[in-house]
Amino acid sequence: MRYSLLDLSPVPEGADPATAIANSVDLARRAEDWGYHRFWMAEHHNMPGIASAATAVLIGHVAAATRRIRVGAGGIMLPNHAPLRVAEDFGTLATIHPDRIDLGLGRAPGGDMAVMRALRRPGQDDFPGDVQDLIDLLGPMRPGAAVRALPGEGTQVPIWILGSSLYGAQLAAHLGLPYAFASHFAPDALEQAFRVYRETFRPSAQLDRPHAMLAINVFAADSREAARRLRTSMQQAFAQLRLGQPGKLPRPVDDIDAAIGAEVTRGVNHALRVSAVGTRSEVGDQIADLIARHRPDEVILTGQIHDHAARLHSFELAAEAMAEIGTVAA
């Protein structure tokens, strides 16, 4: 089974965006050597702890620093952008890096109403129409079309639909596109969304059968206690986001209940329950259980970890676990 990596280019407490971006490039290079198939980055705005706001720019930077790994958006928040602009950006990326660029599309704004106003796209809500426009703009040449993406036309950049509800599942199935579910932070509709997607899928020029991706948080270390401590950075960041107080990625703590409160911890853990936490062996067993339960065609691993060296080690252990899972499956 292919395994990929989702990186938000986190800005840890005590660091700055330049450090975060350099860390992302380092992670991508190593992920390529560890066998990861894709390296995706996500669009978020007005977030002190995330350095991937200019997602297409960062994708180009990472693609230029790597050789084989596919690099893409997981995703671009389409309501923020005119489809032509996205097609030109990703068409240019695909022209520079042929057969290495992916375009995942989300319906959320990646920020609040103030962000949407600042991006000058208020009230835009024709997501299906915009997706179809992108399919057309990046598809085969259309010499008579009034508007063409140049570069972009004919690049056939693979388009994915991202989502955490039945809406995205239904749209991906209707258009015959691969579907990635945001189970790493919003897993409640996971089983139903996968079922709807698979049962209603219609083949397309891009895809002849359903292809569903499962997102899993991974916190791996040499001991179970160390892995659980690494996880507390993401637990704190998620709690701050829910309280409307996003900040840089917090340092880990020994007692998460003392840091954010036991009731908040329970809510955070419910939202982040599609996770694998522990040693390499434990993480491998937990991922294998998730794969057996949800039957994804591909998994994408993520995890907000404060210390860069610990983050590298976690994703390396996860890759080793995935390789073992693949051997067992074969």
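Structure first, text after, so check above.
Residues numbered from 1 in each chain as written. Predicted model: local features only at pLDDT ≥ 70, side-chain atom pairs only at ≥ 80, totals over all residues. Heavy atoms only, no water.

Novice: How would you sum up the environment of His308? Please name residues and give values.
Specialist: Residue placement: His308 occurs in helix α12 (residues 308-329). In sequence terms His308 and His45 are 263 residues apart; their C-alpha atoms lie 22 Å from each other. If we ignore the near neighbours within four places in the chain, the residues touching His308 are Asn23, Asp26 and Leu27. A distance of 2.8 Å separates the side chain of His308 from the side chain of Asp26, its partner in a polar contact. (Helix = DSSP H or I, 4+ residues; strand = E, 2+ residues; numbered from the N terminus. Contact = heavy atoms within 4.5 Å. Polar contact = N/O pair within 3.5 Å; in protein donor to acceptor, adjacent residues only side chain to side chain.)

Novice: Go over the layout of surface pockets with me, naming the residues and quoting the values.
Specialist: Gaps between atoms show up when a probe of the same size as a water molecule is rolled over them. Each pocket or cavity is described by its volume, and for the largest pocket that value is around 1100 Å³. In this structure, the largest pocket is lined by 46 residues; those nearest its centre are Leu8, His44, Ala182, His184 and Phe185. Those elements that provide at least two residues to the lining of the largest pocket are β3 (70-77), β5 (159-163), α6 (166-175), β6 (179-181), β7 (212-220), α8 (224-242) and β9 (298-302). Looking at the lining of the largest pocket element by element, the count peaks at 6 residues for α8. Class assignment of the residues belonging to the lining of the largest pocket gives a composition of 27 nonpolar, 15 polar and 4 charged. Its boundaries defined by the atoms lining it, the second largest pocket holds a volume of some 390 Å³. (1 Å grid on protein atoms, 1.4 Å probe; cavity = no way out; pocket = protein on both sides within 12 Å on 5 of 7 lines; lining within 4 Å. Points joined across faces, edges and corners; volume = space filled by probe spheres on them. Nonpolar A, V, L, I, M, F, W, Y, C, P; charged D, E, K, R; others polar.)

Novice: Outline the nonpolar core, listing residues and values.
Specialist: If you look at the biggest cluster of nonpolar residues, it comprises 72 residues, and the most contacted ones within it are Tyr36, Phe90, Leu103, Ile287 and Leu301. Per-element tally for this core: the top contributor is α12, with 7 residues. Not counting residues up to four positions away in its chain, the partners in contact with Tyr36 are Tyr3, Ser4, Leu5, Ala31, Ile69, Leu301, Phe315, Ala318 and Ala319. Phe219, Ala239, Ile256 and Ala271 belong to the second largest nonpolar core, which has 15 residues in total. (Core = buried A, V, L, I, M, F, W, Y, C linked by side-chain atoms within 4.5 Å. Buried < 20%, exposed > 50% of the residue type's maximum accessible area, 1.4 Å probe, protein only.)

Novice: Residue-level account of unusual backbone geometry, with values.
Specialist: Glycine aside, residues mostly have negative phi angles, and peptide bonds mostly take the trans form. Here the residue pair Gly74 and Gly75 is connected by a cis peptide bond, since its omega of 5° sits within 30 degrees of zero. Note that Gly75 resides in strand β3. Residue Leu150 is joined to Pro151 through a cis peptide bond whose omega torsion reads 0°. Its place among the elements puts Pro151 in the loop between α5 (127-138) and β5. The backbone of Ser9 shows a phi angle near 50°, a positive value even though the residue is not glycine. Mapping Ser9 onto the fold places it in the loop between β1 (2-7) and α1 (17-33). The phi torsion at Asp99 lies on the positive side, around 55°, for a residue other than glycine. Positionally, Asp99 belongs in the loop between α3 (83-96) and β4 (101-106).

Novice: Can you explain the packing of aromatic side chains? Please cite residues and give values.
Specialist: The way to describe two aromatic rings as a pair is by their centre distance and the angle between their planes. Inspection of every chain in the model, using the stated rule, returns 8 aromatic pairs. A centroid spacing of 4.9 Å and a plane angle of 75° characterise the contact between Tyr3 and Tyr36, whose relative ring orientation is edge-to-face. One end of the pair, Tyr3, is in strand β1; the other, Tyr36, is in the loop between α1 and β2 (38-41), with 33 residues separating them in the sequence. With a relative accessible area of 10%, Tyr3 lands in the buried category. Aromatic side chains Tyr179 and Phe181 sit 6.3 Å apart centroid to centroid with 70° between the ring planes, which places their arrangement in the edge-to-face category. For Tyr179, a relative accessible area of 0% puts it in the buried group. For Phe181, a relative accessible area of 2% gives the class buried. An aromatic cluster is defined as three or more aromatic residues linked by ring pairs; in this entry it consists of Tyr179, Phe181, Phe194, Tyr197 and Phe201. The ring of Tyr167 has Arg107 sitting right over it, with the charged end atom 4.1 Å from the ring centre. (Phe/Tyr/Trp six-rings, centres within 6.5 Å; stacked < 30°, edge-to-face > 60°. Lys NZ or Arg CZ within 6 Å of the ring centre and 35° of its normal.)

Novice: Describe the packing of α6 against helix α7 (residues 190-200), listing the residues and the values that go with them.
Specialist: Between α6 and α7, the least distance of the axes is 8 Å, while the angle of their chain directions is 15°. As judged from the angle between their axes, α6 and α7 are roughly parallel. Relative to α7, the crossing made by α6 is right-handed. Together, Leu166, Ala169, Gln170, Ala172 and Ala173 of α6 and Gln192, Ala193, Val196, Tyr197 and Thr200 of α7 make up the contact between the two elements. A breakdown of the residues in the contact of α6 with α7 according to their chemical character gives 7 nonpolar, 3 polar and no charged. (Axes fitted to C-alpha atoms, helices over the stretch in contact; angles between N-to-C directions. Parallel < 35°, antiparallel > 145°, perpendicular 65-115°, else oblique. Left-handed = near helix turned anticlockwise from the far one by under 90°.)

Novice: Outline α3, listing residues and values.
Specialist: Taking 1.5 Å per residue, 14 residues should reach 20 Å; α3 reaches 20 Å between its end C-alpha atoms and fits that length. All buried positions along α3 are accounted for by Pro83, Val86, Ala87, Phe90, Gly91, Leu93 and Ala94. For α3, the angular spread of the buried residues around the axis is 160°, confining them to a single face. Its buried side turned inward, α3 meets α2 (55-65), β3, β4 and α5. (Expected span 1.5 Å × (residues − 1). Arc of directions from axis to C-beta.)

Remember that the coordinates give geometry; whether it matters functionally is a separate question.
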